[in-house]
Amino acid sequence: MATEGKNLSTYDKNTIPNAEDFRFGIVVSEWNDNITEALYDGAYQALIENGVDPKKIARWNVPGSFELVYGCKKMQESFDMLDAIIAIGSVIQGETKHFDFVCQGVTQGIKDLNVQNDTPIIFCVLTDDNMQQSIDRSGGKHGNKGTEAAVAAIKMAQLRKDSRF
Ligand SMILES: Nc1c(NC[C@H](O)[C@H](O)[C@H](O)CO)[nH]c(=O)[nH]c1=O
Ligand SMILES: CC(=O)[C@@H](O)COP(=O)(O)O
């Protein structure tokens, strides 16, 4: 099902693990910051609504989505007590193929960090044809992908905890 058929902000709170003891990192790209700040707000509010202590949420900024990979890697290395990290970015098609390389680079890089290291990284990077699609997915008619990412982060933090028993 495409995003068109679902609202990114809706979830069943009964399916969300207790997150009050979890610690989260959020790395935010500054490109298209009208979008990335809205995504951050969605993610932050969803974490708080599910019991996360605001003091247990760390935020770093990076210049663009391509730098999310390095920022998330350093966050994994610097904070070994984090239970999950959310990578937030907004990539919008321009005139050239640069969009393709940025999207491929951040996608593969975050995938690699998930494979190589223990702290899960949630992919909250919009890759849109135009600004309207980004607006629609960062609190607009399709909801907020930041909310979806926070829910995924809580679930992956719990999976990581359960896998250690
Ligand atoms: N065009 C977009 C970019 N481009 C910048 C790159 O992410 C990177 O910062 C630069 O190539 C220097 O390494 N970044 C976005 O996040 N969104 C865009 O639409
Ligand atoms: C995703 C990008 O890097 C892109 O928005 C840059 O725009 P352009 O392809 O016109 O240089």
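Keep in mind the model is a prediction, meaning the values are calculated, not measured. (Residues numbered from 1 in each chain as written. Chains lettered and ligands numbered in written order. Predicted model: local features only at pLDDT ≥ 70, side-chain atom pairs only at ≥ 80, totals over all residues. Heavy atoms only, no water.)

*Asks:* Before we move on, could you go through the site of ligand 1 and cite the residues and values that matter?
*Replies:* As a structural note, the neighbourhood of ligand 1 is formed by Ser29, Trp31, Asn32, Gly64, Ser65, Phe66, Glu67, Ser90, Val91, Ile92, His98 and Val102. Contact between ligand 1 and asparagine 32: an oxygen atom at 3.4 Å from a side-chain N or O atom of the residue. With respect to ligand 1, the side chain of serine 65 contributes an N or O atom lying 2.7 Å from an oxygen atom. Contact with the protein chains hides 76% of the accessible area of ligand 1, taken as 440 Å² for the molecule alone. Those elements giving two or more residues to the shell around ligand 1 turn out to be strand 3 (84-92) and helix 3 (98-116). The element best represented in the shell around ligand 1 is strand 3, accounting for three residues. Of the residues contributing to the shell around ligand 1, the split by class is five nonpolar, six polar and one charged. (Near = heavy atom within 4 Å. Polar contact = N/O pair within 3.5 Å; in protein donor to acceptor, adjacent residues only side chain to side chain. Areas by Shrake-Rupley, 256 points an atom, 1.4 Å probe, with all protein chains shown as cover. Helix = DSSP H or I, 4+ residues; strand = E, 2+ residues; numbered from the N terminus. Nonpolar A, V, L, I, M, F, W, Y, C, P; charged D, E, K, R; others polar.)

*Asks:* Outline the site of ligand 2, supporting the account with residue identities and numerical values.
*Replies:* Inspection of the region around ligand 2 gives Val91, Ile92, Gly94, Glu95, Thr96, His98 and Phe99 as its neighbouring residues. Take glutamate 95: an N or O atom from its main chain is 2.8 Å from an oxygen atom of ligand 2. The side chain of histidine 98 places a nitrogen or oxygen atom 2.4 Å from an oxygen atom of ligand 2. When the free accessible area of ligand 2 is taken as 330 Å², the share hidden by the protein chains comes to 72%. Looking at the shell around ligand 2, the elements that each hand over two or more residues are strand 3 and helix 3. Looking at the shell around ligand 2 residue by residue, the classes come out as three nonpolar, three polar and one charged.

*Asks:* Describe the side chain of lysine 145, with residues and values.
*Replies:* Structurally, the position occupied by lysine 145 is in helix 5 (residues 145-162). What makes lysine 145 buried here is its relative accessible area of 18%. The residues contacting lysine 145, other than those within four sequence positions of it, are Leu8, Leu39, Phe123, Cys124, Leu126 and Arg137. (Buried < 20%, exposed > 50% of the residue type's maximum accessible area, 1.4 Å probe, protein only. Contact = heavy atoms within 4.5 Å.)

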